[in-house]
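Single-letter residue listing:
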Amino acid sequence: MQRPMIGVVPLWDESRNSLWMLPGYMDGITGAGGLPLLLPLTTDEAVLKQIAGICAGFLFTGGHDLSPSLYGEAPAFCGPVCEVRDTMEKILFSLAVLEQHKSALGICRGIQLFNVLLGGTLYQDIPAQFTESTLSHQPPPPYNRVAHQVRIESGSPLHEVLGVASLGVNSCHHQGIAKLAPELIPMARAEDGLIEGVCMKDQPFVWAVQWHPEMALGEENSQKLFRAFVAACL
Ligand code: MN
């Protein structure tokens, strides 16, 4: 069977003026039967429209903080942003997901992106703004170890795929969902209540997680997540 082609949003390294990619994103897709395609970093709408048509699904990867202007705030606690990526992903999400109902998986920055593009807001910095949290969402490396548990919402699509009520996950983020977008349904929450997994209403497969399955490809739950994504792209 032909592997579905899945566009992967590149990461950006200012210091080298270079695109880069963590192999786990590509290997997660390949291992689940998909064909990952590293996308150019571009805001050219004609190029993105063609890409939106070619690929069966899209992986919105981790990376820079999102510009708070996307959710109507001034920068207060956020780190460096990448405005080209912000703009590219906003256009791509609109063309591929909202217009063409292509499948999408968001990871880390990806869950934050989906939330703000659909009208939600973020904690610009969890330690500064979500002070009720007693968890460390950005413990020191190595980043592939279990940092905290998430509770999987009973009856959610994620629960159907993973078949577990809770899950130990890694955690490498200092931002997170504050106000959830109306179109998103929570699928997983950390012990402090932070939403760490969502899916979009009325879409075949628009899922996102706050943790990093691509850093834990040896885990069965990571493989199940990538397999569910690739299957939705067939
Ligand atoms: Mn976390």
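So, a few notes on the structure that sits alongside this text. None of the values given here were measured: they were computed from a predicted structure.

Conventions we followed
Starting afresh in each chain, residues are numbered from 1 along the sequence in its written order. Only residues with pLDDT of 70 or above have their local features reported here, since the model is predicted, and side-chain atom pairs are shown and tallied only from 80 upward, although totals for entire chains, interfaces and linings are computed over all residues. Excluded from the side-chain calculation are hydrogens and water; included are all heavy atoms of the structure. Strands are runs of DSSP state E lasting at least 2 residues, helices are runs of H or I lasting at least 4, and numbering of each runs from the N terminus. Atoms counted for the radius of gyration: C-alpha only. Globule rule: 2.2 Å times the number of residues to the power 0.38. The cut-offs for exposure are 20% and 50% of the maximum accessible area for each residue type, with area from a 1.4 Å probe on protein chains only; residues under the lower value are buried, those over the upper are exposed, and the others partly exposed. In this analysis, two residues are considered to be in contact whenever any of their non-hydrogen atoms come within 4.5 Å of each other. For the charge count, each Lys or Arg is scored as positive and each Asp or Glu as negative, with His and the chain ends excluded. Lysine's charge is taken at NZ, arginine's at CZ, aspartate's at CG and glutamate's at CD. Donor atoms are limited to N, O and S found within 2.8 Å of the metal ion, a distance that becomes 3.2 Å for Na, K and Ca. With water left out, some sites might look partial. Only the stretch in contact is used when fitting a helix axis, every axis being a line fitted to C-alpha atoms; angles between N-to-C directions are given from 0 to 180 degrees. To sort the angles, those under 35 degrees are grouped as roughly parallel, those over 145 as roughly antiparallel, those from 65 to 115 as roughly perpendicular, and the leftovers as oblique. It is the rotation of the near helix from the far one that decides the hand of a crossing: anticlockwise by less than a right angle makes it left-handed, clockwise makes it right-handed. Basically, the charged four are Asp, Glu, Lys and Arg, the nonpolar ten are Ala, Val, Leu, Ile, Met, Phe, Trp, Tyr, Cys and Pro, and anything else, Gly included, counts as polar. Note: two strands are recorded as paired if DSSP finds a minimum of 2 bridges between them.

### Considering the overall build of the protein chain
- On a plain count of helices and strands, the protein chain comes out with seven helices and 13 strands.
- Relative to the compact-globule value of 17 Å for 234 residues, the protein chain shows a C-alpha radius of gyration of 16 Å, a close match.
- Oriented by its inertia axes, the alpha-carbon framework of the protein chain measures out at about 45 × 40 × 35 Å.
- Expressed as a percentage of the 234 residues in the protein chain, the buried residues total 52%.
- Taking contacts inside the protein chain between residues at least 6 apart in sequence as the whole, the part at least 24 apart equals 70%.
- Charged side chains in the protein chain number 14 positive and 23 negative. The centres of these two groups are separated by 5 Å.

### Brief notes about the coordination of the manganese ion
- Coordination of the manganese ion by the protein involves His137 (ND1), His148 (NE2), Ser171 (OG), His173 (NE2) and Glu196 (OE), with metal-donor separations of 2.3 Å.
- Site description for the manganese ion: donor spacing in sequence, H-x10-H-x22-S-x1-H-x22-E. With His148 in strand β8 (residues 148–152) and Ser171 in the loop between β9 (166–169) and β10 (176–177), this residue pair connects regions lying 23 residues apart in the sequence.
- Its relative accessible area of 3% is what places His148 among the buried residues.

### Quick notes on the packing of helix α2 (residues 45–54) against helix α3 (residues 83–99)
- At a minimum axis separation of 9 Å, α2 and α3 run at an interaxial angle of 45 degrees. The angle between α2 and α3 falls in the class oblique. Crossing handedness for the pair α2 and α3: right-handed. Contacts between α2 and α3 involve Glu45, Leu48, Lys49, Ile51 and Ala52 from the first element and Met88, Ile91, Leu92, Leu95 and Ala96 from the second.
- Grouping the amino acids of the contact of α2 with α3 by side-chain chemistry returns eight nonpolar, no polar and two charged.

### Some remarks on the pairing of strand β13 (residues 206–209)
- Neither face of β13 is open: one carries Val206 and Ala208, the other Trp207 and Val209, and all of them are buried.
- Judged from the four bridges that link them, strand β6 (residues 103–107) and β13 form a sheet pairing that is parallel. Pairing of Ile107 across the sheet is with Val209, part of β13.
- The hairpin formed by strand β12 (residues 195–200) and β13 contains five residues between the paired strands, and Asp202 there has a positive phi angle of roughly 55 degrees.

### Section: the environment of Gly176
- Note that Gly176 resides in strand β10.
- Each C-alpha atom of the pair Gly176 and Ile111 lies 8.4 Å from the other, and the pair is 65 residues apart in sequence.
- Dropping the residues within four chain positions of it, Gly176 is found in contact with Gln112, Thr121, Leu122, Tyr123, Ile126, Leu194 and Gln210.

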